[in-house]
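One letter stands for each residue in the lines below.
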Amino acid sequence: MKFSEKWLRELVNPAISTQELVDQVTMAGLEVDEVEAAAKDFTGVIVGEILTAEQHPNADKLQVCTVTNGSEVAQVVCGAPNARAGLKTAFATVGAVLPTPDGKEFKIKKAKLRQVESFGMLCAEDELGISDDHDGIMELPADAPVGTCIREYLNLDDKVIDVDLTPNRGDCLSISGLAREVGVLNKAPVTFVADNAVEATIDATFPVELKDAADCPRYVGRVIRGINPQAETPLWMKQKLERSGVRSIDPVVDVTNYILLELGQPMHAFDLDKLSGGIVVRRAEQGEKLTLLDGEEVELNADTLAITDANGPVAMAGIMGGEPTSVTSETQNIFLESAFFNPISIAGRARSYGLHTDSSHRFERGVDWQLQNQAINRATELLLEIVGGEAGPAVETVNQDELPAARQVFLRHSKVNAMLAFEMPADEIEEILTRLGLVVEKTSTEGEWHVSVPSYRFDIAIEVDLIEELARVYGYNNLPVRTPTASMPIKANDETKVTIQNVRRALIARGYQEAITYSFIEAGLQKQFDDQFEGIALANPISAEMAVMRTTIWPGLVKALQYNQNRQQARVRLFESGQRFLPTSGDEIIQENVVAGLLAGARDPEGWNAGKDQVDFFDIKGDLESLLSLGGAEDEFSFVADRHVALHPGQTARIERNGEKVGYIGALHPNLVKELGLNGAVYLFEINQAALTQGKLPRYQEISKFPESRRDLALIVDEGVAFDSVRQLAEKEAGEFVKEVTLFDVYQGQGIEKGRKSLAVGLTWQHPSRTLNDEEINSATSAVISALASEFGASLRE
């Protein structure tokens, strides 16, 4: 919002400079974007009157004028088309210094134009840096005093200040609101606009009906008859409007705009003779048409509040009036509107039509709902003074039940001190709030108040809003700087947990790249990868390929593999940590965090010394086992042969932790490989993140100083016997000092019966305090052989 500093100082005039004023309001939360002079620097320009204007003898587009400064007459050559006898204008005398567009200045000298002498210059507004207008020389009012310095006459020693207000400070979208704020900050008296009731001189009224009182609970209207359509807006009003960024149009429109700037109440004036029936405030019917003041025809939506008469819409409420009922140079009777519109009913409506007006800007943020009568009285007072006429009574149509309720906020002294970090005296709290226009009442409890909020402060609703006001007015720069003190115990670090970041780092270190795939997949693909859970369908899917929520991460990773292979990327290693969404018997959804990986292509990166082997099941199993070892609880995990709809029947394992299923690992089913057009074998794993990241607390164990003892066994067992089962039984039977059971060879072939295999197993023992003797080792070895023979039918290979 732009405003004139001189206009502000008419209402409140603290003893501070312009820069101090700017700094002050900025620190109070009303940020100043720009400060510019009302006019550029110039000297020697006065009010002059053209006595005669005759055609230049040697130029078609020039005139030779005689101009008086009140005491002397000078000849001036002028090229402006509006130069004429009797016109009062800006006259730069010989010796005057004027600004140039590039920031420099030039001096007016005696000159000769086409053989005719010129003693000065008649100026346009842009030549004095007042505006960009260069349509002709300035036209001053007929009563402008000739010879007066133009800077004094037009109050050009003024500054235009542009304030960027936050949406919550609609109360400052007027010069009165800004004056109230400056008065509070400086403890200076403010001369507010008087609320003078204008007595009616005629009985003329115009009926008003509020069909949508929730959106427009108050509407004040007044008829004024017999105005002078040829009257002109006074210079002082034009200046204030123009310095606020509002163009002067005609006296009636200018007065409504002036009230908007002065009080913050948007108003509208209708040509009374163009209205029919009465005013009805209602929601528009879908498709109703209205030609706006800017000449654009719009089709109204059903959610738009409209001002209508018997013929249909005449204005968009709180946004813009209609052209057919607008005031023109022929208008003699007007109907003034001053209404309160609910901010919710106006918010966003202007933008939906590609509009943004001064009225909508204010109504969206909230206008004082008790201001309408004062605004219409002030407008009537100015109109009668400028355009004359006779005013009827101000008629208020109101629904009290729909008006905003007066708010009262509870404030505690202790809360103020706690939030501002210093002891603010109770007297100062009461004094600041009172200056802000709030009514402060003490309660029966010491240090507590009930604060009544005025109707123009829409932004104050709770206790912290009041505390913010106290801090703002007290001055943020004046608040003490204190180092906060608080108990901040260090959160215990659970050493049994493996962070997901460490899991990611481990996979990246093994050559994997992290992928982030969509949580939504195609329904058919979901069924191919999971036959246990049905994907939860989306109510409004983006596309058919993203119709259900995934119950496994595998489809996304496989699609990413497909994308890469189609672009000649044969060696792919991907992983993702994310959520899968499992349905329950009720309406709830289980969101389970999992980690999944995918492996395809060559085992080694391409290179002259790299092998040509392709990855297999044991590559991805080794990668997964490296993750299981991060928490030191790898001995709690096991891989059990199983079946899965998406995995190869002979290369599928269920991952268990202490007997509980936590995931799957295996090769992608050959049918899926073929259907998806993938190249080569694809290996996958998916494991519950909670199981993966839950480790065991490390414990110190003294290293034995005594030698290890080892026995190697060549065991023949059925080919379906897993080594893990052999290892567990061997560890159980080998005694408490067994240190390790390892598999170092597997053999099938000549010398081994069909359906059997040979496992070369190494057993290592170590005692913490002595050397084990052969008798103890042999006894433990025999126990292991006996147990394996009994459990798995194992025999020693000869």
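Please refer to the structure placed before this passage.
No experiment lies behind these values; they were computed from the predicted model shown. (Residues numbered from 1 in each chain as written. Predicted model: local features only at pLDDT ≥ 70, side-chain atom pairs only at ≥ 80, totals over all residues. Heavy atoms only, no water.)

### Overview of the overall build of the protein
A count of helical and extended segments in the protein gives 21 helices and 40 strands. Expressed along its principal axes, the backbone C-alpha trace of the protein runs to roughly 140 × 80 × 60 Å. Summarising the internal contacts of the protein: among those between residues at least 6 apart in sequence, 69% fall at separations of at least 24. On the protein, the mean spot of the 76 positive side-chain charges and the mean spot of the 121 negative ones are 6 Å from each other. (Helix = DSSP H or I, 4+ residues; strand = E, 2+ residues; numbered from the N terminus. Contact = heavy atoms within 4.5 Å. Lys, Arg positive; Asp, Glu negative; His and termini not counted. Charge placed at Lys NZ, Arg CZ, Asp CG, Glu CD.)

### Here's the deal with the sheet that holds strand β27 (residues 513–514)
Within the open sheet, the seven strands sit side by side as β27-β31-β32-β36-β35-β34-β33. Their pairing is mixed. The open sheet has two edge strands, β27 and β33 (637–641), and neither has a second partner. The strands that helix α14 (residues 500–509) touches are β27, β31 (572–583), β32 (589–600) and β36 (682–688); relative to β31, the one it contacts most, it runs at about 145 degrees. (Pairing = 2+ DSSP bridges. Axes fitted to C-alpha atoms, helices over the stretch in contact; angles between N-to-C directions.)

### With respect to unusual backbone geometry
Its identity as a non-glycine residue notwithstanding, Arg 114 has a phi of 55 degrees, on the positive side. Structurally, Arg 114 can be placed in the loop between β8 (111–113) and β9 (116–118).

### Describing a nonpolar patch on the surface
Taken together, the side chains of Met 419, Ile 462 and Val 464 make up a nonpolar region of the molecular surface, amounting to roughly 260 Å² of accessible area. Looking at the element boundaries, Val 464 is found in helix α13 (residues 463–474). (Patch = residues over 30% accessible without salt bridge, like charges linked within 9 Å, V, L, I, M, F, W, Y side chains within 5 Å. Areas by Shrake-Rupley, 256 points an atom, 1.4 Å probe, with all protein chains shown as cover. Salt bridge = Lys/Arg side-chain N within 4 Å of Asp/Glu carboxyl O.)

### A closer look at the sheet that holds strand β24 (residues 407–412)
Pairing is antiparallel across the open sheet formed by three strands, whose spatial order is β24-β26-β25. Each having just a single partner strand, β24 and β25 (439–442) make up the two edges of the open sheet. On average, adjacent strands in this sheet sit at an angle of 25 degrees to one another, irrespective of strand direction. Inspection of the sheet shows β25 paired to strand β26 (residues 448–453) by four bridges, in the antiparallel sense.

### Brief notes about empty space enclosed by the protein
One way to see where empty space is left: roll a probe the size of a water molecule over the atoms. The tally for this structure, following the rule as stated, stands at two cavities of 30 Å³ or more. Here the largest cavity is characterised by a volume of approximately 50 Å³. Forming the walls of the largest cavity are Phe 3, Leu 8, Leu 21, Val 22, Val 25, Ile 161, Val 163, Leu 178 and Val 182. Sorting elements by how many residues they give to the lining of the largest cavity places helix α2 (residues 18–27) first, with three residues. For the lining of the largest cavity, the per-class residue count stands at nine nonpolar, no polar and no charged. Its volume calculated, the second largest cavity comes out at about 30 Å³. In terms of lining, the second largest cavity is formed by Arg 169, Asp 171, Arg 180, Glu 181, Val 184, Leu 436, Tyr 456 and Arg 457. (1 Å grid on protein atoms, 1.4 Å probe; cavity = no way out; pocket = protein on both sides within 12 Å on 5 of 7 lines; lining within 4 Å. Points joined across faces, edges and corners; volume = space filled by probe spheres on them. Nonpolar A, V, L, I, M, F, W, Y, C, P; charged D, E, K, R; others polar.)

### Observations regarding a negative patch on the surface
Together, Glu 31, Asp 33, Glu 34, Glu 36 and Asp 164 line one region of the surface with negative charge. For the negative patch, the leading source of residues is strand β2 (residues 31–37), giving four residues. Mapped onto the secondary structure, Asp 164 falls in strand β11 (residues 159–164). With relative accessibility at 39%, the residue Asp 164 sits in the partly exposed group. (Buried < 20%, exposed > 50% of the residue type's maximum accessible area, 1.4 Å probe, protein only.)

### Observations regarding the packing of aromatic side chains
Here the structure, examined in full by the defined rule, presents seven aromatic pairs. Residues Trp 7 and Tyr 258 carry aromatic rings whose centres are separated by 5.2 Å and whose planes lie at 15 degrees to one another, so their mutual orientation is stacked. Of this pair, Trp 7 sits in helix α1 (residues 5–11) while Tyr 258 sits in helix α6 (residues 251–263), placing them 251 residues apart in sequence. Like Tyr 258, Trp 7 is buried. When the centroid spacing of 5.4 Å and the interplanar angle of 55 degrees are considered together, the rings of Phe 206 and Phe 335 count as tilted. With Phe 206 in the loop between α4 (175–186) and β12 (208–210) and Phe 335 in strand β21 (residues 333–340), the pair connects residues that are 129 residues apart, well separated along the chain. (Phe/Tyr/Trp six-rings, centres within 6.5 Å; stacked < 30°, edge-to-face > 60°.)

### Overview of helix α5 (residues 235–243)
Within α5 the residues assigned to the buried category are Met 237, Gln 239, Lys 240, Leu 241 and Arg 243. The inward-facing, buried residues of α5 contact β1 (2–4), α1, α3 (150–153), β11, α6 and α10 (372–386). Looking at the residues trailing α5, positive phi occurs at Gly 245, about 85 degrees.

### Structural notes on the nonpolar core
Counting 53 residues, the largest nonpolar core has Leu 8, Val 255, Ile 259, Ile 334, Leu 336 and Leu 383 as its most contacted members. A per-element tally of this core places α6 first, with seven residues. With 37 residues, the next largest nonpolar core counts Ile 202, Val 208, Cys 216 and Ile 346 among its residues. (Core = buried A, V, L, I, M, F, W, Y, C linked by side-chain atoms within 4.5 Å.)

### Observations concerning the packing of α5 against α6
Put simply, α5 and α6 touch, their axes get as near as 10 Å, and they point 55 degrees apart. As judged from the angle between their axes, α5 and α6 are oblique. As α5 runs across α6, the sense of the crossing is left-handed. On the side of α5, the interface is formed by Trp 236, Met 237, Lys 240 and Leu 241, while α6 contributes Asp 254, Val 255, Asn 257, Tyr 258 and Leu 261. In the contact of α5 with α6, the residues fall into six nonpolar, one polar and two charged. (Parallel < 35°, antiparallel > 145°, perpendicular 65-115°, else oblique. Left-handed = near helix turned anticlockwise from the far one by under 90°.)

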